Amino acid sequence: MRLFDRRIHVRETAAAAAVLALAFAGPAYGADPVPGSGQGGSPGPSVPAGVKVGTELPSRISVDNSTEKTSITATVVNKGEKKSPELTLLVVGFDALKVTGVKGCDPIPEGKLPKGSNSGFSCDVGTLAAGKSRSYPVSATYDLQGKGKICLPVMGKDGALLWQQGPVPFGTSKPTPNAPDTPLLLGTDNVPFGRDSSARPSPSPSDTLPSTGAPDRTTVLALGGGLLLAAGGAGLWLTRRPRAARH
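Residues numbered from 1 in each chain as written. Predicted model: local features only at pLDDT ≥ 70, side-chain atom pairs only at ≥ 80, totals over all residues. Heavy atoms only, no water.

**Student:** Before we move on, can you summarise the overall build of the chain with the specific residues and values?
**Tutor:** Secondary structure assignment for the chain yields three helices and 13 strands. Buried residues in the chain amount to 41% of all 247 residues. Summarising the internal contacts of the chain: among those between residues at least 6 apart in sequence, 65% fall at separations of at least 24. Of the accessible surface of the chain, which amounts to about 13300 Å², a share of 54% is contributed by carbon and sulfur atoms. (Helix = DSSP H or I, 4+ residues; strand = E, 2+ residues; numbered from the N terminus. Buried < 20%, exposed > 50% of the residue type's maximum accessible area, 1.4 Å probe, protein only. Contact = heavy atoms within 4.5 Å. Areas by Shrake-Rupley, 256 points an atom, 1.4 Å probe, with all protein chains shown as cover.)

**Student:** Lay out the environment of L161 with the relevant residues and their values.
**Tutor:** Within the secondary structure, L161 is located in strand β12 (residues 161–171). When the C-alpha atoms of L161 and G44 are compared, they prove to be 5.4 Å apart, with 117 residues separating the residues in sequence.

**Student:** Explain the pattern of salt bridges to me, and be specific about the residues and the numbers.
**Tutor:** Summed over all chains, the structure comprises one salt bridge. The salt bridge partner of E56 is K79, with a shortest N-O separation of 3.6 Å. One end of the pair, E56, is in strand β3 (residues 53–58); the other, K79, is in the loop between β5 (69–78) and β6 (87–95), and 23 residues separate them in sequence. Under the relative-accessibility criterion, E56 is labelled partly exposed at 21%. (Salt bridge = Lys/Arg side-chain N within 4 Å of Asp/Glu carboxyl O.)

**Student:** Summarise the nonpolar core; cite the residues concerned and give the values.
**Tutor:** In terms of nonpolar packing, the biggest core is built from 34 residues, with I72, V76, L89, V91, V102 and F170 touching the most fellow members. Apart from residues lying up to four places away in sequence, V76 is in contact with V53, G54, T55, L87, L89, V125, L128, K132, S133, R134, Y136 and V154. (Core = buried A, V, L, I, M, F, W, Y, C linked by side-chain atoms within 4.5 Å.)

**Student:** An account of the state of the cysteines is requested, with residue identities and associated values reported.
**Tutor:** What the rule picks out here adds up to one disulfide. Paired through a disulfide, C105 and C123 show a sulfur-sulfur distance of 2.0 Å. Measuring handedness by torsion sign, the sulfur bridge of C105 and C123 sits at about 110° and is right-handed. Pair noted here: C105 is in the loop between β7 (97–102) and β8 (106–107) and C123 is in strand β9 (residues 117–126), with a separation of 18 residues, a long-range link. Given the relative accessible area of 11%, C105 is considered buried. The exposure class of C123 is buried, given its relative accessible area of 0%. (Disulfide = S-S within 2.5 Å.)

**Student:** Lay out the sheet that holds strand β1 (residues 36–37) in plain terms, naming residues and giving numbers.
**Tutor:** With antiparallel pairing, the five strands of this open sheet are ordered in space as β1-β3-β5-β10-β7. Because the sheet does not close on itself, it has two edges, and the strands there are β1 and β7. Direction of pairing for β7 relative to strand β10 (residues 133–142): antiparallel, over a ladder of five bridges. Residue pairing in the sheet places V102 in a bridge with V138 of β10. (Pairing = 2+ DSSP bridges.)

**Student:** Lay out the confidence of the model for the chain with the relevant residues and their values.
**Tutor:** Averaged over every residue, the pLDDT of the chain is 75; residues scoring 70 or more account for 64%. Long-range and interchain partners of residues 1–33, a stretch whose pLDDT sits below 50, account for three contacts in this model, where long-range means more than four residues apart. In this model residues 196–233 is a low-confidence stretch, pLDDT under 50, and it forms 75 contacts with partners more than four residues away in sequence or in other chains. (pLDDT = per-residue confidence, 0-100.)

**Student:** Kindly report on unusual backbone geometry, identifying the contributing residues and their values.
**Tutor:** For the bond running from G166 to P167, omega is 5°, close enough to zero to count as cis. Mapped onto the secondary structure, P167 falls in strand β12. In this model, E68 sits at a positive phi of 65°, which is unusual for a non-glycine residue. Relative to the helices and strands, E68 resides in the loop between β4 (60–64) and β5. When its relative accessible area of 32% is taken as the criterion, E68 is described as partly exposed.

Below is the structure:
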C-alpha cells in the first residue's frame, strides 16, 4: 500500500511540474517582449565624459492592416558610468510612419517639426543614473503603401545633440495584405503592396550619419540622402518652453 501511495505521489508531482513548466514557458511568439536595438544610432559630439546615452527601438513591430495602427516602444538608456545631464527625447515620424502619441510627452508644434518630418513628440526624460533607462509607449500609424521611418534624437538641456537614432526604417520584403496584420523589421526598407522590388537593410550608421563639426543648438547631424534633421525651430522651442514640474 505504501508503494502504491508513493507512485501516486510521484505522478502528482510530475503533473504539477508539467503545469508549472507550461505556466512559465512564456506567451506566444506575437506577445513575447521584443528586444531593443540601437540600430542606425550614433553619438553626438557633445556627450559628457562618463555618460553613454543611447536609444533603443524594437527589432520588429506589427501594423494592423485594417486600421494602419501600430505601437512602438522608444527607450532612452545610459550605459555610462556617471549620471546623465537633463535629457530631452524627440520621437519623430517620417514619410509613411506618423507618430500620433507618446505617453507622457508633448506634441511638437507643426511649425517647429524637424525638416522633412510629418509628426513629432518631445519627452522630458530628466536625468538618468548610470545603467538606468526610461521607456515611452509610442502610438503611430503606418501607411503600408509607402515607406516609413522614425528618428530618436536625444538632446541636453541646452539643446546640444547627445545621440541620434535614425531616421531608420521599419519595413518588410514580404507584404501580407490578406492577413490581419503585417510584421515590420527595424532597418528594412518597406516593399509596398503590389511591388516586386525587394527590401534591403538600411545603410550602416557610418554611411547615414557622417561626422560633422560641433553643431550649435539649431543643427543636428547630417543624415543620408542629404536630409538634414535640423532641430531648428524644435531645438529653440525645446530650450525656451517652460518645463513642467516632475513628480
